[in-house]
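Chain by chain, the residues run as shown.
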Amino acid sequence: MHNNEVKRCFAFVAAPVAFPKEMRYRPILESLIPPDPMSQFNLRRGSPEEEFPDLCRNSTWMGRILTPAMYRRQFDRCTDSGVIFDDVIRPGLEEPGEWSGPVSVGCIAGDAQSYILFCDFFDRVIEAYHEHKITNQTPESDFNHDNLKGGDDLDRSYAVRCEVSIVRGVEDFCFPTHCSRGERRQLLSLATRALQRLEEEELPGRLLLVEELNQEKQKELNLSPPSSSQLRIGVARDWPDARAVWVSKDGSLVVWVNMEDHLRLVTTRDDANIAEALKCICINLQKLEAYYKELRHPFIWKQQLGWVTSSPADVGTGLRVSVHLKLQHLPRHRRLQDVLKRLRIRMDKTESSALYLVSNVATFGLNEVALTQLVVDGVKLLIAMEKRLEVNRDVDELVPAQK
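Criteria and thresholds
Residues numbered from 1 in each chain as written. Predicted model: local features only at pLDDT ≥ 70, side-chain atom pairs only at ≥ 80, totals over all residues. Heavy atoms only, no water. Pairing = 2+ DSSP bridges. Helix = DSSP H or I, 4+ residues; strand = E, 2+ residues; numbered from the N terminus. Axes fitted to C-alpha atoms, helices over the stretch in contact; angles between N-to-C directions. Contact = heavy atoms within 4.5 Å. Polar contact = N/O pair within 3.5 Å; in protein donor to acceptor, adjacent residues only side chain to side chain. Buried < 20%, exposed > 50% of the residue type's maximum accessible area, 1.4 Å probe, protein only. Expected span 1.5 Å × (residues − 1). Arc of directions from axis to C-beta.

S.K.: So what's going on with the sheet that holds strand β10 (residues 355–360)? Residues and values would help.
M.R.: The strand order across the open sheet built from 8 strands is β2-β3-β4-β5-β1-β8-β10-β9, with neighbouring strands paired in antiparallel fashion. Of all the strands in the sheet, the pair left with one neighbour each is β2 (205–209) and β9 (345–349). Taken over all neighbouring pairs, the strand axes of this sheet differ in orientation by 20° on average, direction set aside. In this sheet, strand β8 (residues 319–326) lies alongside strand β1 (residues 159–168) in antiparallel orientation, the contact comprising 7 bridges. Bridge pairing links C162 to V323 in β8. Contacts from helix α9 (residues 181–201) reach β2, β3 (244–248), β4 (254–257) and β5 (263–269) within the one sheet, and its direction differs from that of β2 by about 160°.

So, in structure tokens, the structure goes:
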């Protein structure tokens, strides 16, 4: 691409004036930058200008934020485990997104060090996606589920079921797109030991290796084969080697190991009781965190970001709260998108025409209880608006102020 074409493509991108975090981390950054890491392999790689990707039709946050100057600054950097910047932006190049749909982050961290080494880029993506500024203040966690108000009183005529999930990365291991087979197997060994402790002390269950599951069991667990995107970016390398799922005997908790993240805890309830789902996640996550600390591999925490995993879309808390709602009138209302934006939640279609999935967008900027409260309050308001529309009443007065 010629330089003039590059300039035209990025006419809408305002280049940052200063790079405070870049300056703050510069001594660390410089110590981590070897001579061009690719030169060690005698590979032919052009200059940053020659290697800059075509982002003209890229709608991800990566595509909107990355500039030639920013790409040049990251070009010769390499983490201790070998992650270079082209590894980071590969998901957005493989899946450029659509301008009419939700904006994805379009990037991924190969290891925890990526968030420091490429902070110039990652910080801007995180701030854009989560709509929250990164500051020197350390994010606070709140796992006191009793602080949640409501969540056990959703109208069952509309709220069908709920799911609460949380992801964690394990210290000293690369993330799934970059880890080796040996690392992945060590992670499975650690998870096996930690989950055995959970079984012995509190919650009976069993660990199932994905490679040993038949199609019927996979369907029961809602386990789908890796997508083409997951295969291309490396998340599903060596599938299904060292992938596993732990299921509690009472069905209250499922823990996925080595899937898109090191660990993902999921609680699903058919009574849509978000309060009980959050309680289950908080209690068992804290126990697993303690077990992993005893194994000398704590969960990954960064001072200005909170809990971090492979995707910038999950930093901060890694928490996702979702509710399936029966709605007929509200999805067609002219102000729906404005309401969702003000509530800081999203609503997606499902396979059923009358069933919609409502969930939080951001995971960064609020603690775990506050994020759950955001979804609870939002769902209650959407149900109230649906009830009004059913009897042809106006809902404009229910439209909230921006949260």
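S.K.: Talk me through the side chain of N58; I want residue IDs and the actual numbers.
M.R.: With respect to the helices and strands, the residue N58 is situated in the loop between α3 (48–51) and α4 (61–65). Polar side-chain contacts of N58 include one of 2.6 Å to the side chain of T60. In terms of polar contacts, N58 uses its side chain to reach the backbone carbonyl oxygen of G92, at 2.8 Å. Once residues lying within four places of it in the same chain are set aside, the contact partners of N58 are G63, G92, L93, P96 and W99.

S.K.: Explain the side chain of Q373 to me, using residue names and the numbers behind them.
M.R.: For Q373, the position within the fold is in helix α14 (residues 368–390). A relative accessible area of 14% places Q373 in the buried class. When residues no more than four places from it in sequence are discounted, the contact partners of Q373 are N147, L148 and K149.

S.K.: Tell me about α9, and name the residues and values.
M.R.: Given a rise of 1.5 Å per residue, 21 residues ought to cover 30 Å, and the 31 Å separating the end C-alpha atoms of α9 matches this to within 8%. Those residues of α9 that fall on the buried side of the exposure criterion are E183, R184, L187, L188, L190, A191, A194, L195 and L198. Buried residues of α9, seen end-on, are gathered within an arc of 165° and therefore sit on one face of the element. Contacts from the buried residues of α9 go to β2, β3, β4, β5 and α12 (274–294).

S.K.: Quick one: what's the story with unusual backbone geometry, residue by residue and with numbers?
M.R.: Excluding glycine, residues mostly carry a negative phi; peptide bonds, for their part, are mostly trans. Cis geometry marks the peptide bond from W239 to P240, where omega comes out at 0°. If you trace the backbone, P240 turns up in the loop between α11 (228–233) and β3. You will see that A272, though not glycine, has its phi angle at about 60°, which is positive. With respect to the secondary-structure elements, A272 resides in the loop between β5 and α12. Its identity is not glycine, yet R344 carries a phi of approximately 60°, on the positive side. Relative to the helices and strands, R344 is located in the loop between α13 (336–343) and β9.

S.K.: Got a sec to walk through the environment of R57? Specific residues and values, please.
M.R.: Position of R57 among the secondary structure elements: in the loop between α3 and α4. Placed 39 residues apart in sequence, R57 and P96 show a C-alpha to C-alpha distance of 7.2 Å. Beyond its immediate chain neighbours, meaning those up to four positions away, R57 contacts P96 and W99. In this structure the side chain of R57 is engaged in a polar contact, spanning 3.1 Å, whose partner is the side chain of D54.

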